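# Coordinate inspection notes
One-letter residues, chain by chain:
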Amino acid sequence: MTEIRSVEWVGGEDGHVRILDQTLLPGEETYIDISFLKSACEAIRTLKVRGAPLLGVFGLYALALGVRQLGNSTGAQKAMQDSARSIKATRPTAVNLSAEIDSSTRTAKNVEDVSMLVAMTIARGSAVAKSDAAASDMIGQHGQELIADGGLYLTHCNTGSLATAGIGTALGIFKTAHRAGKRFRVLVPESRPLLQGSRLTAWELEREGIPYKLCCESALGAIYSTMNVHATITGADRIARNGDTANKTGTLIHAILCERYGVPFYIAAPFSTFDTGCPNGEGVPIEHRGAHEVRRVKGILVAPAEANAVNPAFDVTPAELISGFVTEKGILQPPFGD
Ligand code: MRU
């Protein structure tokens, strides 16, 4: 089976980024080409491209587009700083986005030639994509001890090839197990408001032939209290030094229910999602999104047109509720050290 390529740089310095538009899945598999900074930022904001590790890769390609577009009028360094600021403002919680941009701007702080800076940034994006794909493979391997033949597993949001440059983190563990011939089932909460679970995770599981069932988040209490769940594995958008973990809103509901019903709760994430500068969950910036996402489902109004809503895109699970962190170096427990 061909692996999904959610983000790819096409061509040389004068090329563009090609993305699979995730807002159209699962109905339509449409790739779009992005050549300008503004449309790159819009693609991030509207979740055409999403998932913490994948945003790290796409952010660098967006930076290259910004430097190419603005560099000849403002100078390479100012173009890089201005573009970096716009890109980082699009989604504050996923640490990979700001961390890759900051590390790239630091490395290139003395480069004054526009074309060289563009080439360097594209090359860096491709290198990050390659190392993220390798990290996904290793997470998939290390996670195998969590998957038992015949087991029932829960996950949240989407952590597969639509969220990383490889097979994925939590979903990568399921894919690796399935490809090795293990038989197990996955329950997929829809992940309201934007339905990354039912639209994206279900689409990826179906492509792989992994048996799954959908559920609503409101059914999680009934599920954990009555079904024999083997383990829950989710991804992360930012992991603080003490292990507190920000991930898609609803993750904390799983963690609390797991503790109540004795189900192991794991986070699967590459080292690039660990934020060593953030001591604990209180330091994680949480993105709050518009009420329109709650009022509508795929554009259809499901509430009064003017209804207001609270819409935090992420929540923070305290480290003490997490059984372990599946990383490319094995399953770790905090404190993580340096
Ligand atoms: O808002 P999203 O869809 O970008 O949120 C994605 C998640 O919360 C994922 O679990 C996380 O980024 C990890 S992806 C490997």
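Coordinates for the structure precede this section.
The two faces of the sheet receive side chains in turn, since in a regular strand these alternate between them. Of the two faces of strand 14 (residues 324-327), the one lined by Gly324 and Val326 and the one lined by Phe325 and Thr327 are each fully buried. Taken together, the three bridges between strand 10 (residues 265-268) and strand 14 define a ladder with parallel strand orientation. If you follow Ile267 over to strand 14, its bridge partner there is Phe325. With three bridges joining them, strand 14 and strand 15 (residues 330-332) adopt antiparallel strand pairing. Bridge pairing links Phe325 to Leu332 in strand 15. Linking two consecutive strands that pair antiparallel, namely strand 14 and strand 15, is a turn of two residues.

The next point concerns the site of the ligand. In the vicinity of the ligand lie 18 residues, with Arg50, Arg91, Asp237, Asn247 and Lys248 positioned nearest. Gln196 is positioned such that a nitrogen or oxygen atom in its side chain is 2.9 Å from an oxygen atom of the ligand. In the model, an oxygen atom of the ligand is placed 2.7 Å from a nitrogen or oxygen of the Asn247 side chain. Calculation on the ligand without its partners gives an accessible area of 420 Å², and the protein chains cover 100% of this total. Counting residues per element, the ones that place at least two in the shell around the ligand are helix 2 (52-74) and strand 9 (245-248). For the shell around the ligand, the residue count by class is seven nonpolar, seven polar and four charged.

Calculation criteria
- Residues numbered from 1 in each chain as written.
- Predicted model: local features only at pLDDT ≥ 70, side-chain atom pairs only at ≥ 80, totals over all residues.
- Heavy atoms only, no water.
- Buried < 20%, exposed > 50% of the residue type's maximum accessible area, 1.4 Å probe, protein only.
- Helix = DSSP H or I, 4+ residues; strand = E, 2+ residues; numbered from the N terminus.
- Pairing = 2+ DSSP bridges.
- Near = heavy atom within 4 Å.
- Polar contact = N/O pair within 3.5 Å; in protein donor to acceptor, adjacent residues only side chain to side chain.
- Areas by Shrake-Rupley, 256 points an atom, 1.4 Å probe, with all protein chains shown as cover.
- Nonpolar A, V, L, I, M, F, W, Y, C, P; charged D, E, K, R; others polar.

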